[in-house]
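Descriptive structure summary
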Amino acid sequence: MLASTTKGLLQRFINPRSCRREFKVAVVGASGGIGQPLSLLLKQNPLVGELSIHDMKNIKGVQADLSHICTSVQTNAYEDQELGDCLAGADVVVVPAGMPRKPGMTRDQLFEANAGVALRVACAVSESCPQALLAFVTNPINSIVPIAAELLKSKDAYDPRRLFGITTLDVVRASTFVGDFLNLNPRKVDLPVIGGHAGKTILPVFSQCCPSFQCQLEDIKRLTHRIQEAGTEVVIAKAGAGSATLSMAYAAARFVNSLLRGLNEEPDVMECAFVGYKSPCLPFFATPLVLSDKGIEKNLGLAASGRFRAGVPGANAARAGEEHTEGHRLCQREYPGKGRAGTVPEEVPKVASLLLKSYRTFHGIHYTPPSNDRSPLCMYTYV
Ligand SMILES: NC(=O)C1=CN([C@@H]2O[C@H](COP(=O)(O)OP(=O)(O)OC[C@H]3O[C@@H](n4cnc5c(N)ncnc54)[C@H](O)[C@@H]3O)[C@@H](O)[C@H]2O)C=CC1
Ligand SMILES: O=C([O-])CC(=O)C(=O)O
């Protein structure tokens, strides 16, 4: 017994990869503009043992194509009514299903089209893999994640440590644009982005940028605006053919890989994501997280690292007029003495109030699923 334990430890020491586990990842919306390249990237991930893909259309073709790639990841495809089978036993479910924007639309305007998709997936997760980590790409993230949480609560399957809105693309863009600005390899730039995933709710925290840098306030404002409007930049450039797909697939693959590294008990895995937040007044907020086999091990909140310093103009960028909203009061209460070292950036109260407006948008919605939908969601009316 002792000998075999010692041998096991020795093997792990000699070959650390031998302790690597392989996980089942399900992609819902896998035939789409994001779903296909995301599946391609996951087919190459050594932490994935089984890649289970689902879509309402063309999924068998995507499966045939992926299955010719010479990696050991096993791929299985599921059609519309087979969502439950696709999800059964999944460790991670990632959802790039739903309509993308066209020029002139806001992300909010996708809510009616995409809320039903998110509710259907959340419902199927609650039945087929309630322990899975569930990560939405579907827009509008700021409202989709809260309604998915409501559905999971109604099914007694909500664990805030396991539900995520993927905001990694904001972080990827922040690294790219700041890397360009500083003439640095963007992979060497680490800039947390907090808040939400729409316009002014996207909040790069320049005071925590690593490496730190000093520049003119005008530059910070310009970089902030570029990061906040980057999605729209792509929507306009694609001129009606959808929104970001390749960069989003890259970002989602990175986020899923981080979830898997956490599940694999790798220490110190960190990502920002839009998740349940600790305050009842502000139930969701994107912040830096430490990931583990539980999903979220620790929410690092807003003063995430020792690198947080005063005196960098970023903390003052894009400051808007004060709004005496619940969110504003909350932030003042939780982070008194704003502007000092180690405290919240001053834009946060503004972002909080914008997020609260998103929640109110969905609170007013009466969700009626399509009449041909025979899923259990027919029973579910969201008011
Ligand atoms: N979180 C983020 O940073 C980003 C989010 N997005 C969002 O991702 C979503 C997908 O974008 P694209 O891939 O470009 O759209 P797309 O239209 O190319 O693909 C969407 C896919 O979802 C499938 N689908 C729709 N309803 C479904 C359901 N109930 N079950 C299974 N599959 C379903 C469609 O058949 C289609 O294949 C959009 O809502 C978009 O706004 C896009 C970029 C960034
Ligand atoms: O802008 C969009 O509609 C898609 C998106 O969320 C992004 O690219 O950040």
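Being a predicted model, the structure only gives us computed values, none of them experimental.

A tally of regular secondary structure across the protein gives 12 helices and 11 strands. Accessible surface computed for the protein: about 17400 Å², of which carbon and sulfur atoms make up 54%.

The subject of this paragraph is the site of ligand 1. Neighbouring ligand 1 are 30 residues; Gly33, Ile34, Asp55, Met99 and Val137 lie closest to it. Gly32 places a polar main-chain atom, nitrogen or oxygen, 3.3 Å from an oxygen atom of ligand 1. His197 places a side-chain nitrogen or oxygen 3.0 Å from an oxygen atom of ligand 1. Coverage of ligand 1 by the protein amounts to 89% of the 860 Å² it exposes when considered alone. Of all the elements, helix α5 (residues 111-128) adds the most residues to the shell around ligand 1, at 3 residues. Among the residues making up the shell around ligand 1, the classes are represented as 15 nonpolar, 12 polar and 3 charged.

So, about the pairing of strand β10 (residues 284-292). Within β10, 9 of the 9 residues are buried, which leaves the element mostly enclosed by the surrounding structure. Where strand β9 (residues 269-276) meets β10, 8 bridges bridge the pair, whose relative direction is antiparallel. Its bridge partner being in β10, Phe274 is matched across the sheet by Ala286. Pairing of β10 with strand β11 (residues 295-299), which is carried by 4 bridges, proceeds in the antiparallel orientation. Each residue of the ladder has a partner; that of Leu291, found in β11, is Ile296. Hairpin connection between β10 and β11: a loop of 2 residues separates the two successive antiparallel strands.

With that out of the way, let us pick up the packing of aromatic side chains. Taken as a whole, this structure holds 5 aromatic pairs when the rule is applied. Both rings, one in Tyr277 and one in Phe285, keep their centres 5.6 Å apart while their planes meet at 35°; by these two values the pair is tilted. By the burial criterion, Tyr277 is buried, and Phe285 matches it. Members of the aromatic cluster, connected to one another through ring pairs, are Phe181, Phe206 and Phe213. Geometry around Phe177 places Arg226 over its ring, the cationic atom sitting 3.9 Å from the centre.

By size, the foremost hydrophobic cluster in this structure holds 43 residues, and its most contacted members are Val28, Leu87, Val93, Val95, Leu134, Phe136 and Leu163. Residue assignment for this core shows that the elements contributing at least two residues are β1 (23-28), α4 (83-87), β4 (92-95), α5, β5 (133-136), α6 (141-154), β10 and α12 (348-363). When residues of this core are assigned to their parent elements, the largest contribution, 9 residues, is made by α5. Two domains each provide a minimum of three residues to this core, namely domain 1 (23-166) and domain 2 (168-334). Not counting residues up to four positions away in its chain, the partners in contact with Val28 are His54, Leu83, Leu87, Val93, Val94, Val95, Pro96, Ala97 and Val121.

To continue, consider the domain arrangement of the protein. By the assigned domains, the protein splits into domain 1 (23-166) and domain 2 (168-334). Between domain 1 and domain 2, a total of about 3100 Å² is buried, with carbon and sulfur atoms accounting for 73% of that surface. Considering only the side of domain 1, the residues that lose the most area to domain 2 are Arg101, Arg107 and Ile166, jointly responsible for 20% of the buried surface there. Counting every contact that joins domain 1 to domain 2 gives 0 salt bridges. Put simply, domain 1 and domain 2 have 6 residue pairs in polar contact (both at pLDDT 80 or more) between them. Of all elements in the fold, only β1, α2 (35-42), β4, β5, α6 and β6 (163-165) reach the threshold of two or more residues within the side of domain 1 that touches domain 2. Looking at the side of domain 1 that touches domain 2 residue by residue, the classes come out as 25 nonpolar, 5 polar and 6 charged.

It is worth spelling out the site of ligand 2 at this point. Around ligand 2, the structure places Arg101, Arg107, Asn139, Leu169, Arg173, His197, Gly231, Ser243 and Ala244. Here an oxygen atom of ligand 2 sits 2.8 Å away from a polar atom, N or O, in the side chain of Asn139. For ligand 2, an oxygen atom lies 2.6 Å from a polar atom in the side chain of His197. Coverage of ligand 2 by the protein amounts to 95% of the 270 Å² it exposes when considered alone. Here the shell around ligand 2 spans two domains, and each of domain 1 (23-166) and domain 2 (168-334) adds at least three residues to it.

The rules behind the values
- Residues numbered from 1 in each chain as written.
- Chains lettered and ligands numbered in written order.
- Predicted model: local features only at pLDDT ≥ 70, side-chain atom pairs only at ≥ 80, totals over all residues.
- Heavy atoms only, no water.
- Helix = DSSP H or I, 4+ residues; strand = E, 2+ residues; numbered from the N terminus.
- Areas by Shrake-Rupley, 256 points an atom, 1.4 Å probe, with all protein chains shown as cover.
- Near = heavy atom within 4 Å.
- Polar contact = N/O pair within 3.5 Å; in protein donor to acceptor, adjacent residues only side chain to side chain.
- Nonpolar A, V, L, I, M, F, W, Y, C, P; charged D, E, K, R; others polar.
- Buried < 20%, exposed > 50% of the residue type's maximum accessible area, 1.4 Å probe, protein only.
- Pairing = 2+ DSSP bridges.
- Phe/Tyr/Trp six-rings, centres within 6.5 Å; stacked < 30°, edge-to-face > 60°.
- Lys NZ or Arg CZ within 6 Å of the ring centre and 35° of its normal.
- Core = buried A, V, L, I, M, F, W, Y, C linked by side-chain atoms within 4.5 Å.
- Domains from an automatic or database assignment.
- Contact = heavy atoms within 4.5 Å.
- Buried area = accessible area lost by both parts, 1.4 Å probe.
- Salt bridge = Lys/Arg side-chain N within 4 Å of Asp/Glu carboxyl O.

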